[in-house]
Amino acid sequence: MRTPRPLIAGNWKMNLSVTEGAALATDILSRLPGLPSAEVLLLPPFTCLSAVGAALLADSRVALGAQNCHWAESGAVTGEISASMLSGLCQYVLVGHSERRHLFHETDAIVRTKLESVLKADLCPILAVGETDEERRAGLTAEVLTRQARAGLLGLTHEEVCRCTVAYEPVWAIGSGAAADFTDIGEAARILRLVIEQAARGEGYGVRILYGGSVTAESAPSLLGVEGIAGALVGGASLRAADFCGIVAASDR
Ligand code: PGA
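Everything in this summary refers to the structure shown in the same document. (Residues numbered from 1 in each chain as written. Predicted model: local features only at pLDDT ≥ 70, side-chain atom pairs only at ≥ 80, totals over all residues. Heavy atoms only, no water.)

Comments concerning the overall build of the protein chain
Next, step 1: Helix and strand counts for the protein chain come out as 11 helices and 8 strands.
Next, step 2: Since a compact globule built from 253 residues should have a radius of gyration of about 18 Å, the 17 Å found for the protein chain is in line with a globular shape.
Next, step 3: In terms of its C-alpha atoms, the protein chain occupies a principal-axis envelope of roughly 45 × 45 × 35 Å.
Next, step 4: Evaluated residue by residue, the protein chain yields a buried proportion of 53% over its 253 residues.
Next, step 5: Counting only carbon and sulfur atoms, one obtains 55% of the accessible surface of the protein chain, whose full area is about 11,100 Å². (Helix = DSSP H or I, 4+ residues; strand = E, 2+ residues; numbered from the N terminus. Rg over C-alpha atoms; globule rule 2.2 N^0.38 Å. Buried < 20%, exposed > 50% of the residue type's maximum accessible area, 1.4 Å probe, protein only. Areas by Shrake-Rupley, 256 points an atom, 1.4 Å probe, with all protein chains shown as cover.)

Things to note about the sheet that holds strand S1 (residues 7–11)
Next, step 1: Here 8 strands make up a closed barrel; going around it, the order is S1-S2-S3-S4-S5-S6-S7-S8 and the pairing parallel. When the angles between neighbouring strand axes are averaged without regard to direction, this sheet yields 25 degrees.
Next, step 2: Sheet topology note: the strand S3 (residues 62–66)/strand S4 (residues 92–95) ladder contains 2 bridges and is parallel. The residue of S4 that forms the bridge with Ala66 is Val93.
Next, step 3: Where helix H5 (residues 108–120) meets the sheet, its contacts fall on S4 and strand S5 (124–129), and the angle it forms with S5 comes to roughly 160 degrees. (Pairing = 2+ DSSP bridges. Axes fitted to C-alpha atoms, helices over the stretch in contact; angles between N-to-C directions. Contact = heavy atoms within 4.5 Å.)

Observations concerning the pairing of S3
Next, step 1: Burial within S3 is extensive, with 5 of its 5 residues counted as buried.
Next, step 2: Side chains Val62, Leu64 and Ala66 of S3 all project onto a buried face; the interleaved residues Ala63 and Gly65 project onto the opposite face, where all are buried too.
Next, step 3: Sheet analysis places strand S2 (residues 39–43) next to S3, joined by 3 bridges and oriented parallel. The residue of S3 that forms the bridge with Leu42 is Leu64.
Next, step 4: The parallel pair S2 and S3, bridged by helix H2 (residues 49–55), forms a crossover whose chirality is right-handed. (Right-handed = clockwise from strand over helix to strand, strands pointing away.)

Remarks on the site of the ligand
Next, step 1: Neighbouring the ligand are Asn11, Lys13, His97, Glu169, Ile174, Gly175, Gly213, Ser214, Leu233, Val234, Gly235 and Gly236.
Next, step 2: Expressed as a share of its isolated accessible area of 280 Å², the protein-covered part of the ligand is 94%.
Next, step 3: Of the residues contributing to the shell around the ligand, the split by class is 3 nonpolar, 7 polar and 2 charged. (Near = heavy atom within 4 Å. Nonpolar A, V, L, I, M, F, W, Y, C, P; charged D, E, K, R; others polar.)

Regarding the nonpolar core
Next, step 1: Ile8, Ile28, Leu42 and Tyr211 are the most contacted members of the largest nonpolar core, which has 70 residues in total.
Next, step 2: With 8 residues, helix H9 (residues 182–199) is the single largest residue contributor to this core.
Next, step 3: Dropping the residues within four chain positions of it, Ile8 is found in contact with Ala38, Glu39, Val40, Leu41, Leu224, Gly231, Ala232, Val234, Phe244, Ile247, Val248 and Ser251.
Next, step 4: One finds Ala9, Leu94, Ile126 and Leu233 within the second-largest nonpolar core, a separate group that totals 12 residues. (Core = buried A, V, L, I, M, F, W, Y, C linked by side-chain atoms within 4.5 Å.)

Let's talk about H5
Next, step 1: The end-to-end C-alpha distance of H5 is 18 Å, a good match for the 18 Å that 13 residues give at a rise of 1.5 Å each.
Next, step 2: Considered for burial, the residues of H5 that qualify are Asp108, Val111, Arg112, Lys114, Leu115, Ser117, Val118 and Leu119.
Next, step 3: Buried residues in H5 make contact with helix H3 (83–86), S4, helix H4 (98–103), S5, helix H7 (141–153) and helix H8 (158–162).
Next, step 4: Just downstream of H5, Asp122 is the residue with a positive phi angle, here 65 degrees. (Expected span 1.5 Å × (residues − 1).)

Topic: helix H1 (residues 18–31)
Next, step 1: For H1, which comprises 14 residues, the first-to-last C-alpha distance of 20 Å matches the rise-based estimate of 20 Å (1.5 Å per residue) to within 8%.
Next, step 2: All of the buried residues along H1 are Gly21, Ala22, Leu24, Ala25, Ile28 and Leu29. Along H1, the residues classed as buried sweep out an arc of 160 degrees about the axis, all on the same side. Opposite the buried face of H1, by more than 90 degrees, sit the exposed residues Thr19 and Ser30.
Next, step 3: Elements in contact with the buried residues of H1: S2, H2, S3 and helix H11 (241–250). (Arc of directions from axis to C-beta.)

So, in structure tokens, the structure goes:
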């Protein structure tokens, strides 16, 4: 099977002022290998999108994305940002991150409406899925991943599915310092690929599956080598330019 170009995405979460965000983007740009084989993506907070975009100087090696959006296009929803408001500011939007699912009680149905709004705004969704520790211990990983991925992807058009990226992020591995086991990641990728192929009607090979959860520059070479994985969604390490660029460099090996 042809493998898609890897994507290394840095999720800055709720960190950094506008000035700090722009400085980090500049630092990352200066440390990037000339022409990395991976596509690089920064997901700063909404407040930093403009400044980070400006700091990136339209460098074609680095794309920009948002960490979340509201599902409606506009309206009386105080404090929210819609996907259509993000268009022109960035190319990607992350939906379904486990911190959104768990801290803000976002259900599969909510994540789906957000993903559809991202597609409608002509942006590319990154759908995050992953089992909790409790679900893993109960042997429910395959069921949970299949349910979350189906809820996100089934019923979309072929073109829409092909615009998506799926990120496997076991909830228990996020911020824990211990990434998931390679065999488990490979199995998760196999399960997710089945849903992607079903949703894309057999031609979804271009849809990338990322791994996320305690990825570091040290663990990246092996994690990125797991069969079926085409990149990483990086949290903590993406706030340090040297570490993040080390992960990008790992995709060149
Ligand atoms: P982490 O976070 O790399 O800090 O574990 C990953 C994520 O939440 O996307």
